[in-house]
Amino acid sequence: MAHTYDSLKVGDTFSVSRTITAADVQGFADVTGDDNPLHLDPEYARQSRFGEPVVHGVLVLGIVSKVLGRDFPGHGSIAVSMSVKFLRPVPVGSEITVEVKIAEKIEARKHVRAHISAYLGKKMCVGGEAVFIPPES
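In what follows, the accompanying structure is described.

Turning our attention to the pairing of strand 3 (residues 95-106). Pairing between strand 1 (residues 13-19) and strand 3: seven bridges, direction antiparallel. From the neighbouring strand, Thr19 faces strand 3, where its bridge partner is Glu95. As defined by bridge partners, strand 3 adjoins strand 4 (residues 111-120) across 10 bridges and the pair is classed as antiparallel. Residue pairing across strands places Lys101 opposite His115, the latter belonging to strand 4. Linking two consecutive strands that pair antiparallel, namely strand 3 and strand 4, is a turn of four residues; a positive phi of about 60° is found at Lys110 within it.

Here it is, written out as C-alpha cells:
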C-alpha cells in the first residue's frame with residue numbers, strides 16, 4: 001500500500017537491503033554505456049585506489065529511486081529532485097541498505113522532503129535528500 005501525503009509523518013523511516021551483483025553492474029553498464037573498467041574489469045580495478053571493482057555511484061542512487069517509487073512512499077510517487085554525495089565506494093558483490101527518513105512536509109505543494117542514504121555495513125556510502133510528491137491514494 002502506498003503512503004499518501006496525509007499518511008506520511010515527519011520522522012517516518014523505511015529501509016531495505018540489497019546485494020549488488022556483478023551482473024547488476026554489467027547490466028547498468030550495458031544500458032548506460034558506462035563501461036569504465038573500474039567497475040567491470042577486476043584486473044584493472046586491482047591497480048586502482050580501490051583495489052577491486054566498485055559499483056557505479058549512480059546505480060546505488062537508482063536503487064534509492066526504486067525505493068521511493070516502489071516501496072516508500074510507493075507506486076505513484078513522483079521524484080521532484082535529488083541531491084546526494086557519493087561518500088565511499090561500494091565493492092561489487094556488497095550488500096547495501098537504503099534508508100529513507102521523512103524530514104519535512106511542504107504543505108503549499110503537497111511535496112515531501114526526505115533524507116536519503118545508502119549504507120555499506122554501518123558506514124554511509126551515499127547521502128543526501130530527495131523531494132517527491134507522494135501518491136494520491
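Sheet strands pair via backbone hydrogen bonds, and the direction of the pair is either parallel or antiparallel. In space, the five strands of this open sheet follow the order 1-3-4-5-2, with antiparallel pairing throughout. The open sheet has two edge strands with one neighbour each: strand 1 and strand 2 (78-86). Each adjacent strand pair in this sheet contributes to an overall mean axis angle of 20°, direction not counted. Seen against the sheet, helix 4 (residues 57-71) touches strand 1, strand 2, strand 3, strand 4 and strand 5 (123-133) and runs at an angle of roughly 55° to strand 3.

Quick look at the packing of aromatic side chains now. Counting across every chain of the model gives one aromatic pair. Residues Phe14 and Phe72 carry aromatic rings whose centres are separated by 5.6 Å and whose planes lie at 10° to one another, so their mutual orientation is stacked. Highlighted residues: Phe14 in strand 1 and Phe72 in the loop between helix 4 and strand 2, separated in sequence by 58 residues.

So, how was this worked out
- Residues numbered from 1 in each chain as written.
- Predicted model: local features only at pLDDT ≥ 70, side-chain atom pairs only at ≥ 80, totals over all residues.
- Heavy atoms only, no water.
- Pairing = 2+ DSSP bridges.
- Helix = DSSP H or I, 4+ residues; strand = E, 2+ residues; numbered from the N terminus.
- Axes fitted to C-alpha atoms, helices over the stretch in contact; angles between N-to-C directions.
- Contact = heavy atoms within 4.5 Å.
- Phe/Tyr/Trp six-rings, centres within 6.5 Å; stacked < 30°, edge-to-face > 60°.

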